[in-house]
Amino acid sequence: MPLTLVTEVDQLIEQTTAYYPDADVELIRRAFERCKAAHDGQVREDGKTPYYYHPLAVAGILTFLKLDVTAIVAGLLHDTLEDTSVTEAELRREFGDDVVRLVEAVTKIGQIPFKSRAEKQAENFRKMLLSMADDIRVVFIKLADRLHNMKTLEHLPPNRQKHIAQETLDIYAPLANRLGISWMKQELEDLCFQYLKPDIYAMLKVRVAKRDEERHEFLQAVIETVKERLRAEGLPGEVQGRPKHLYSIYQKMQRQSITFDEVYDLTAIRIITDTKMNCYAALGLIHALWPPVPGRFKDYIATPRSNLYQSLHTTVVGPEGEYIEFQIRTEEMHRINEYGVAAHWRYKEPGKVIGRHERVFNWLRQFVEWQRDLTDNRQFMESVKLDLFHDVVFVFTPKGEVKEMPVGSTPIDFAYAIHTEIGEHCVGAKVNGKLVPLRQRLSSGDMVEILTSPSQTPHKSWLKFVRTSRARAKIKHWFKVEEHKRSLELGSRLLEREFRRQHLPISQTMKSDRLAEVSREMGFDSIDDMLRMIGVGRLATAQVVMRLQPQTQREQAKPDFQVDSSQLVRPTGKKPEEKSVRVRGGKDVLMQLSKCCHPLPGDPIMGYITRGRGLTIHAIGCPNLRALEWDRNRLVDVEWDPNIEGTHSVKLAVITLDRTGVLADISSAISNARANIARAEISTREDRKAVLDFVVEVRDLEHVERLLNAIQQVDGVITAKRVKGW
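Calculation notes
Per-chain numbering applies: the sequence of each chain, read as written, is numbered from 1 onward. Under the rules for a predicted model, residues below a pLDDT of 70 receive no local features and side-chain atom pairs below 80 are neither given nor counted, while totals for whole chains, interfaces and linings still include all residues. Working from all heavy atoms in the structure, the side-chain values ignore hydrogens and water. In this description a helix means any DSSP run of H or I spanning at least four residues, a strand means any run of E spanning at least two, and both kinds are numbered starting from the N terminus. For the exposure calls, accessible area comes from a 1.4 Å probe over protein chains only, and a residue counts as buried if that area is under 20% of its type's maximum, exposed if over 50%, partly exposed in between. Accessible areas in this description were obtained via Shrake-Rupley with a 1.4 Å probe; residue shielding takes into account the shown protein chains only. In short, DSSP must find at least two bridges between two strands for them to pair. Throughout, an axis means a line fitted to C-alpha atoms (over the contacting stretch in the case of helices), and angles, computed between N-to-C directions, take values from 0 to 180 degrees. Two residues qualify as a contact provided that any one of their heavy atoms is within 4.5 Å of a heavy atom in the partner residue. Each angle gets one of four labels, with under 35 degrees taken as roughly parallel, over 145 as roughly antiparallel, 65 to 115 as roughly perpendicular, and the rest as oblique. Crossing handedness follows the turn of the near helix against the far one: under a right angle anticlockwise gives a left-handed crossing, and clockwise gives a right-handed one. Ten residues, namely Ala, Val, Leu, Ile, Met, Phe, Trp, Tyr, Cys and Pro, are considered nonpolar, four, namely Asp, Glu, Lys and Arg, are considered charged, and the remaining ones, Gly among them, are considered polar. The pairing test for Phe, Tyr and Trp rings, Trp by its six-membered ring, is centres within 6.5 Å, and the orientation test on the planes gives stacked under 30 degrees, edge-to-face over 60, and tilted for anything in between. Here a polar contact is recorded for every N or O atom pair within 3.5 Å, except that within protein the pair must consist of a potential hydrogen donor and a potential acceptor, and residues adjacent in sequence are included only if both atoms are side-chain atoms.

Draft legend 1. View of the overall build of the protein. Counting its secondary structure elements, the protein contains 28 helices and 20 strands. For the protein, the proportion of its 726 residues judged to be buried stands at 51%. Carbon and sulfur atoms form 49% of the exposed surface of the protein, whose accessible area is close to 35,400 Å².

Spelled out as C-alpha cells, the structure:
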C-alpha cells in the first residue's frame, strides 16, 4: 500500500479533511507553527533537513490511519517536550490536557540514570505499553514515529542503523501486526531487512523484480480466467495480484531451507467480494477451476486471528502445474486486515477502543496486571517479545468460558491464566475428559479441567515448557521468593555456626545493635539482606565476625583474602579463557565460559555465580541463562576485555547443494578468511542437499560474521549460520 510522506502543512490538512470534513483546521495549523518555532535551528541527521519535517511526516502517517485531530496535533508536537525548551505548562495552555497527555506518553524517559542503554530502552517501552493501555492513540503515534525514522535511517552510522533496525524487527513490527496494521508491519519488516541483511535484500529485490516481469503474462492470464468465471456465475468481485514483501520471502527460505528458485508463490491473487457467503462461493469456484493443494487451506473467516484478520487462504495447482495462492475476503475484511484497530475509529471516550476490537487488547490488559512482578528490564523485554510473537488457540473451561492462549500453550499456562494460585497448586489436568501430561500442547476446541492440591508447589521443570509470559513470570517470582527465604535461613545458620566457633553468644549477638551497624557498614539495607548474601555464597561469615570484633583484634586476625558483595574469591592460577572477561565494578573473580552457548567476544554476555566454581559466562539469550533468571541475586554484569587476544571455538552449520568440490570451496573460503578448521563433518540429505558442520577457531563475533559472509559467497551455499549450543 503506497504511503506518501507529508512535506507541507496544507497537504496534511487536505489529507485530514478528506476523511474528517469537520476537522479543526486552525488547531492543526497552529500546532504546526508551534512545532516549527520550537524546533527552529534544529536539523535531521543528514545535517541539512529542518527537524520539523519529521513531526510533520509523523502527523501525515497518522492521517493515513485516519486518526482524530487530537492525535494529529500530538504527532506534530510529540518531540517538543523532549527536544526543545517548550514546557508542559505552555503546551497545556495552548492545546489542552488531552494533547499534553499523549505527548507525555510518547516522550522518552528523561535524565533518570540507568545501568545500560538496553535498560533505558526497556523502561521507555514499558512506559509506552502502560500508557497504551489507557489510550490506544499512544501506540499509533509511536509506530508512526518509528516508521518515519526507519525511512530516513540511511543518515545514521552503520552500527546505529543495525541496532535500531533490530529493535524495530523485534518489537515494533510485531506490535503493528498485533494491532492488525498489516501494511505497516510489512513496510517496517522490509526496511529492517534492508539494513540487517543488505546483501540478501539487494539480491532478492533484483530477482523478485525479474521473476515478476517473467510471470506477469502468466498471472494476468490467471486473473482474467478468474474474472470471467466470477462474471459467468454472477459473483461480484475484484481480482488483483499481490506480490509478497521481501522479508516474508526471506523468512520462507530460512524456515524451509530452500533457495529463491524453489519459492513458487511469490505472488498471491486476492479476490475481494461483497458478502461472507460469496467468499465461500468464490472459494468453490477456484477449487472447481484448479485442484487444491492438500493441507494448504485456512479458514480465517470462521476462526479469525487474534488481531482481527479474516480471509480464506487456499493454494491450488494452476496452469502449467504452478502453485498459486488465493486470498478471498469481503471489502470490510480487507479494510480491517490493512488497518486493524484503526479501521473503525470509534470512541466511548477518547482513546478507548470499543466493540470487537477490544479482543486485540486482551493480551495488553493481562500484561498490565502482572507486569509489576517483572522488576528486571531484561526479563520484561523477553516477556513482551514472547507475547508479541504468537498466534492463538481457543480453549474452554469446564463452564464453557473461552480462553485465548498462544499456540504451544500447556495446561500449566491455562492454570495460570485462570488464577495464580491455581497455577501454583496444579497437580494435573484433564483435556477433553482425559488425564494428560502437564507439558501437553493445547489445541483449539480443547476443554481443560485443572486438578489442584494445597500441598503442590511449582516445579522448575515447568519453565522448560510453559509458553505464556504470565506463567513464566509467576513461576520465576515464586522461586525468587522461595530462594530468598532459603538463602535467609541458610545465611542465619552459617553465621550462627561461625558465632559458635568464635565462642560468641548466638542469641544475643544475632539481635544486637552492633550486627545491624555491621550490615550497614558493609553496604546492606538490613541484617536480612546481609544474611541472604551469606546464604548464596557471596559473603563470607568470617568477614562479618571480624567486623564485630574490636579494631585491635581485627588487625591481629586479618584473613588471607577479602570478599565483599561485588566480588568473589579467586584461587591462585587461572585458565587462559579467564583473561577474556572482566566483572564490571570488580576484579579477581574466578570465571569460565559456558559450554552450552560458547559466547564469543562481541556477544552480549552475563555472568552467573555457580557455587564453588565462580562465574559462568553465558551469552544473553542462552536458554540455560533464561532458565536461571529467576535467581537474580546470582547474576553479575560482565564485559569482554578490550585487550583480549587468542582464538575461540565456534560451530558453523552450512547447507549446500550436493555438488562435487563444494567442501573444498568452502574450506578454501574459511582459510581465506584467516580462520582455522578444527573439525569438519559432512552428510547428505534425501533432497540432495549437503549438511556441513565445522568447528572453527575465530577471534571474535566480527570475525565470525566475515567468515559467514565469505561462505555464503560460495556457489551452491544455501544457508550458513553459527550454532550457539553444541
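Draft legend 2. Spatial organisation of the sheet that holds strand E17 (residues 648-657). In spatial order, the strands read E18-E19-E17-E20; together these four strands make up an open sheet with antiparallel pairing. Each edge of the sheet is formed by a strand with only one pairing partner; in this case those strands are strand E18 (676-684) and strand E20 (717-723). Neighbour to neighbour, the strand axes of the sheet diverge by 20° on average, direction disregarded. Relative to E20, E17 runs antiparallel, the two sharing six bridges. Across the sheet, the residue bridging to Leu652 is Arg722, located in E20. Relative to the sheet, helix H27 (residues 662-672) contacts E17, E18, strand E19 (689-698) and E20, its axis offset from that of E19 by approximately 20°. With respect to the sheet, helix H28 (residues 701-712) is in contact with E17, E19 and E20, its orientation differing from that of E20 by roughly 165°.

Draft legend 3. Just the packing of helix H12 (residues 198-233) against helix H14 (residues 276-289), in detail. Relative orientation of the contacting elements H12 and H14 amounts to 125°, with a least axis distance of 11 Å. One finds that H12 runs oblique with respect to H14. Seen along the crossing, H12 lies across H14 with a hand that is right-handed. Touching Thr225, Val226, Arg229, Leu230 and Glu233 of H12 are Ala282, Leu285, Ile286 and Leu289, all from H14. In the contact of H12 with H14, the residues fall into six nonpolar, one polar and two charged.

Draft legend 4. Region of interest: the packing of aromatic side chains. Counted under the stated rule, the structure contains ten aromatic pairs. Each ring, one from Trp290 and one from Phe326, has its centre 6.1 Å from the other, and the planes form 20°; the classification is stacked. Taken as a pair, Trp290 in the loop between H14 and strand E3 (298-299) and Phe326 in strand E5 (residues 323-330) lie far apart in primary sequence, 36 residues in all. Take Trp290: its relative accessible area is 10%, and that puts it in the buried class.

Draft legend 5. Geometry of the side chain of Gln161. Relative to the elements of secondary structure, Gln161 occurs in helix H10 (residues 158-178). Here Leu153 takes part through its backbone oxygen, which lies 3.1 Å from a polar atom of the side chain of Gln161. Look past the residues within four positions of Gln161 in its chain and what remains in contact with it is Leu153, Glu154, His155, Leu156 and Tyr195.

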